[in-house]
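Now for the letters of each chain:
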Amino acid sequence: MCGIVGYLGDKQATDVVIEGLAALEYRGYDSVGVAFISKDRAGKVVKQAGRVESLVPLVKQQALAGCHISIGHTRWATHGLPNSKNAHPHANNDNTIFVVHNGIIENYQELRDQLIKIGYNFYSETDTEVIPNLIDYYNKKTGSLEQAIRDTLNDLSGAFAVAILSTLEPDTIYAARVSSPLVIGVGENQDYILASDPNAIMEHTKKVIFLDDNDLAVIKKGKLKISDFKANTAKDPKVELLDYDQEKASLGDFPNFMLKEIFEAPQTIKTATLGRVLADEGIIKLGGLESINAQLRYIDRIVIVACGTSYYAGMVGEYLIEELAGIPVEVQQASEFKYRHEPFSRSTILLAISQSGETADTLAALEKVKDFGCLRLGVVNATGSSIARLTDAGVYCHAGPERAVASTKAFIAQVTVLTLIALYLSKGEHKSYRKLLKELELLPEKAKAVLDQANEIKRIALKYKDSSEFLYIGRTILYPCALEGALKLKEISYIHAEGYAAGEMKHGPLALIDKNFPTFALATNSAVLEKTLSNIEEIKARGGPIIALATLGNKKIQPLADEVIYLPETLEQTQPILAALAMQLFAYFVAEAKGLDIDRPRNLAKSVTVE
Ligand code: F6R
């Protein structure tokens, strides 16, 4: 959610930090700030509400050349309004210790009350401000900044990642984490760059060290020490190589990342299936699952956990795995799974789906079953992310970095990968196995054919842009797609949209229908098409406008719908991918027509690292 960047080395530190924050801004963007130690060893903080670019001139004024150490933060407000007072970094009362923080300190109120009792003052509404003051308290007690930081970290409960800078040790950055990501990049001239997301690092170096829970890193020029702050034991830093493709994170000719990422769909499908689908040989190769073949033999149930768009991809996966592999699947929102008391046996797989690999609730779901002896699998996009590292095995989505807050290409990749998993688990025994392998090879071209209709979809979007609500309906495997279509529209265009199973309409939602309440109906060719057409009839009879998604060549839909978007013919199992693409474009063009900030919708952030 929020973003942390820190730098220590030969370059102008504030420049590196600002650049890193700009790369992370998609994660949280309501306020921004940096702290740095200037050439004369004074500590300074510059912060304000708003975006990174608005901070640049202020930092340039204050951080004169020769500043080699700095930390910074982009914020997504959890405690207190997004204003300059609540923006990070936060300092102790003496203004000698500066902290940036991601996550939530759950016991901050208690710590704050104790500090107030002994004379500390607080100037913000944040949970973060207790950290520099508590460090200050322990530092005055022990005379050691490192010990003070250790003591403070041990007093905090919740999930957090912190970076700390102090005039008391002007050549050191301290960094620590519990259930919130932090990674240290090892630069060329013995310099280090610290960030909560490798996106801020990859331009500088691909050599990274991922911190684990309870790690405290003490970073000095050319010297890095990592220890477990709970056990107080030293650890050997493990350097890994990032395999991110930096080029893909730039906009090219597109006006924003969402449109770019939607248009990447054909390539996304190709990359997700590359080397994995050998249609002529009738083979699916998933290295991640081959390594656990022996355990997979004893599996009798799969529980999928995920949030938001990934959850809807999981629901599509449920239909696919149950149909193709005959294994019962249950999909749960990770935030609910964590607090349920359901029976869970060793023969159940917990499958986590996540684009970022850092979603707090999904991570918590994996943690919950840690001691149950069951397999924990991942369908993750971000390589090296916490979920990727926590799971026993899995299949990467390989969609490349997704920068727009609203997930598009990740959904396409997740559903593609779940199709592969379903086929793999089917052991080739389902009647559609071969046909589906072939279809996956043809799918990128069909996705392109959907994208080629962008102008037509835009025309329809302009017609409906002023609607204040929308219904999305679908049946069977297109039902979760309807939920995802509605989510896409509401999050970027701020239009209230609901997804419903088409068969549920008569059980309540039909009451909403009138001439001002449009329905987006997913009515592609399938075994249940006639049923969906009846539901569309019922909506039409009540005067509701209808936009239908139909399979090319379907003539029955025309008289029923006000607008029809035609999708290329494909198998029922691959329809969700093409349908999602058309709905992504529709939501995009509505938001564009309303002049909204498409990549950074209000109140949201990419990668939800707090519960
Ligand atoms: C919606 C969206 C979110 C994410 C959700 C899970 O467009 O992006 O609903 O899908 O926050 O995120 P990941 O997949 O990173 O776990």
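What counts and what doesn't
- Residues numbered from 1 in each chain as written.
- Predicted model: local features only at pLDDT ≥ 70, side-chain atom pairs only at ≥ 80, totals over all residues.
- Heavy atoms only, no water.
- Helix = DSSP H or I, 4+ residues; strand = E, 2+ residues; numbered from the N terminus.
- Rg over C-alpha atoms; globule rule 2.2 N^0.38 Å.
- Buried < 20%, exposed > 50% of the residue type's maximum accessible area, 1.4 Å probe, protein only.
- Contact = heavy atoms within 4.5 Å.
- Areas by Shrake-Rupley, 256 points an atom, 1.4 Å probe, with all protein chains shown as cover.
- Lys, Arg positive; Asp, Glu negative; His and termini not counted.
- Charge placed at Lys NZ, Arg CZ, Asp CG, Glu CD.
- Domains from an automatic or database assignment.
- Buried area = accessible area lost by both parts, 1.4 Å probe.
- Salt bridge = Lys/Arg side-chain N within 4 Å of Asp/Glu carboxyl O.
- Nonpolar A, V, L, I, M, F, W, Y, C, P; charged D, E, K, R; others polar.
- Phe/Tyr/Trp six-rings, centres within 6.5 Å; stacked < 30°, edge-to-face > 60°.
- Pairing = 2+ DSSP bridges.
- Expected span 1.5 Å × (residues − 1).
- Axes fitted to C-alpha atoms, helices over the stretch in contact; angles between N-to-C directions.
- Parallel < 35°, antiparallel > 145°, perpendicular 65-115°, else oblique.
- Left-handed = near helix turned anticlockwise from the far one by under 90°.
- Near = heavy atom within 4 Å.
- Polar contact = N/O pair within 3.5 Å; in protein donor to acceptor, adjacent residues only side chain to side chain.
- Right-handed = clockwise from strand over helix to strand, strands pointing away.

K.L.:
Now, about the overall build of the chain: what can you tell me, with residues and values included?
P.N.:
Helix and strand counts for the chain stand at 19 helices and 27 strands. Taking 611 residues into account, the globule formula puts the C-alpha radius of gyration at 25 Å, and the chain, at 25 Å, falls close to it. Looking at the chain residue by residue over its 611 residues, the buried ones come to 62%. Contacts spanning at least 24 positions in sequence make up 71% of the contacts within the chain whose residues lie at least 6 apart. As presented, the chain carries roughly 23,300 Å² of accessible surface, and 50% of it is formed by carbon and sulfur atoms. If the 66 positive side-chain charges of the chain are averaged to one point and the 76 negative ones to another, these points end up 1 Å apart.

K.L.:
Run through the domain arrangement of the chain, naming residues and quoting values.
P.N.:
With domains assigned, the chain is organised as domain 1 (3-102 + 159-251), domain 2 (260-444) and domain 3 (453-611). Here the C-alpha centre of domain 3 lies 25 Å away from the C-alpha centre of domain 2. Listed per partner, the contact involves 38 residues of domain 2 and 36 residues of domain 3. When domain 2 packs against domain 3, close to 3,000 Å² is buried across both sides, 71% of that on carbon and sulfur atoms. Viewed at the interface, domain 3 and domain 2 are joined by one salt bridge. Across the pair E402 and K606 runs a salt bridge whose closest N-O atoms are separated by 2.7 Å. Broken down by secondary-structure element, the contributors of at least two residues to the side of domain 2 that touches domain 3 are α6 (257-263), α7 (265-273), α10 (308-325), α12 (360-368), α14 (409-425) and α15 (433-451). In terms of residue count, the dominant contributor to the side of domain 2 that touches domain 3 is α10 (nine residues). Tallied by class, residues from the side of domain 2 that touches domain 3 come to 21 nonpolar, nine polar and eight charged.

K.L.:
Tell me about unusual backbone geometry, and name the residues and values.
P.N.:
The peptide bond linking H88 to P89 adopts the cis configuration, its omega dihedral lying at 0°. The phi torsion at S179 lies on the positive side, around 55°, for a residue other than glycine. Structurally, S179 is set in the loop between β8 (173-178) and β9 (183-186). Residue classification places S179 among the partly exposed residues on the basis of a relative accessible area of 34%. Backbone geometry places N214, a non-glycine residue, at a positive phi of 70°. By the element assignment, N214 lies in the loop between β11 (207-210) and β12 (215-220).

K.L.:
Tell me about the packing of aromatic side chains, and name the residues and values.
P.N.:
Under the defined criterion, the tally for this structure stands at 11 aromatic pairs. Considering the side-chain rings of F337 and F344, the 5.9 Å spacing of their centres and the 70° angle between planes classify their relative orientation as edge-to-face. Both residues of the pair, F337 and F344, belong to the buried class. Pairing F470 with Y472 gives two aromatic rings, centres 6.0 Å apart and planes at 45°, and the pair type is tilted.

K.L.:
Requested: an account of the pairing of β9, with residues and values cited.
P.N.:
Of the two faces of β9, both are covered, the one formed by V183 and G185 as well as the one formed by I184 and V186. Relative to strand β10 (residues 192-195), β9 runs antiparallel, the two being bridged by four bridges. Counted as the bridge partner of V186 is Y192 from β10. The turn joining β9 and β10, which pair antiparallel and follow one another in sequence, is formed by five residues; a positive phi near 60° is taken by Q190. Here β9 runs beside β11; their pairing, made up of three bridges, is antiparallel. In the sheet register, G185 faces β11, and the bridge partner there is V208.

K.L.:
Provide a residue-level description of the environment of V610, including the pertinent values.
P.N.:
Of note, V610 is situated in the segment after α19 (575-593). Residue class for V610 comes out buried when judged on its relative accessible area of 10%. Taking the C-alpha atoms as reference, V610 lies 6.7 Å from I104; in sequence the two are 506 residues apart. With residues up to four places along the chain from it excluded, the contact list for V610 reads M1, T78, G103, I104 and A360.

K.L.:
So, helix α4 (residues 130-142): which residues are in play, and what are the values?
P.N.:
Its 13 residues place the ends of α4 18 Å apart at the C-alpha level, agreeing with the 18 Å of an ideal helix rising 1.5 Å per residue. Among all positions in α4, only V130, I131, P132, N133, L134, I135, D136, Y138 and N139 are buried. Packing partners of the buried residues in α4 comprise β5 (90-91), β6 (97-105), α3 (108-117), α5 (145-155) and β7 (158-166).

K.L.:
Please provide a residue-by-residue account of the packing of α4 against α5, values included.
P.N.:
Where α4 meets α5, the axes come as close as 8 Å, and the angle between the chain directions of the two elements is 130°. For the element pair α4 / α5, the angle class is oblique. Of the two possible hands of crossing, α4 and α5 adopt the one that is right-handed. Where α4 approaches α5, its residues I131, L134, I135, Y138, N139 and T142 are matched on the opposing element by L145, Q147, A148, I149, D151, T152 and D155. Grouping the amino acids of the contact of α4 with α5 by side-chain chemistry returns seven nonpolar, four polar and two charged.

K.L.:
Could you give an account of the pattern of salt bridges, with specific residues and numbers?
P.N.:
For the structure on display, the rule yields 36 salt bridges. The residue D215 makes a salt bridge to K235 at a minimum N-O spacing of 2.8 Å. Within this pair, whereas D215 is found in strand β12, its partner K235 is found in strand β14 (residues 233-235), the two being separated by 20 residues in sequence. The class of K235 is partly exposed, set by a relative accessible area of 30%.

K.L.:
Kindly report on the environment of L443, identifying the contributing residues and their values.
P.N.:
Looking at the element boundaries, L443 is found in helix α15. When near neighbours in sequence (up to four residues on either side) are disregarded, L443 contacts I269, T570, T574, I577 and L578.

K.L.:
Residue-level account of the site of the ligand, with values.
P.N.:
The ligand sits among 15 residues. The nearest are S310, S354, S356, T359 and E491. Contact distances for the ligand include 2.6 Å between an oxygen atom and a side-chain N or O atom of E491. Across the complex, the protein chains shield 88% of the 400 Å² of accessible surface that the ligand would expose by itself. Residues lining the shell around the ligand come from more than one domain, with at least three contributed by each of domain 2 (260-444) and domain 3 (453-611).

K.L.:
So what's going on with the pairing of strand β26 (residues 546-551)? Residues and values would help.
P.N.:
Among the six residues in β26, six count as buried, and that is most of the element. Side chains of β26 alternate between two faces, with I546, A548 and A550 and I547, L549 and T551 buried alike. Where strand β25 (residues 519-523) and β26 come together, five bridges link them in parallel fashion. Along β26, the bridge assignment pairs A523 with A550. The parallel pair β25 and β26 is bridged by helix α18 (residues 529-541), and the resulting crossover is right-handed. Two elements, β26 and strand β27 (residues 563-567), share five bridges in a ladder whose sense is parallel. Bridging across to β27, I547 finds its partner in E563.

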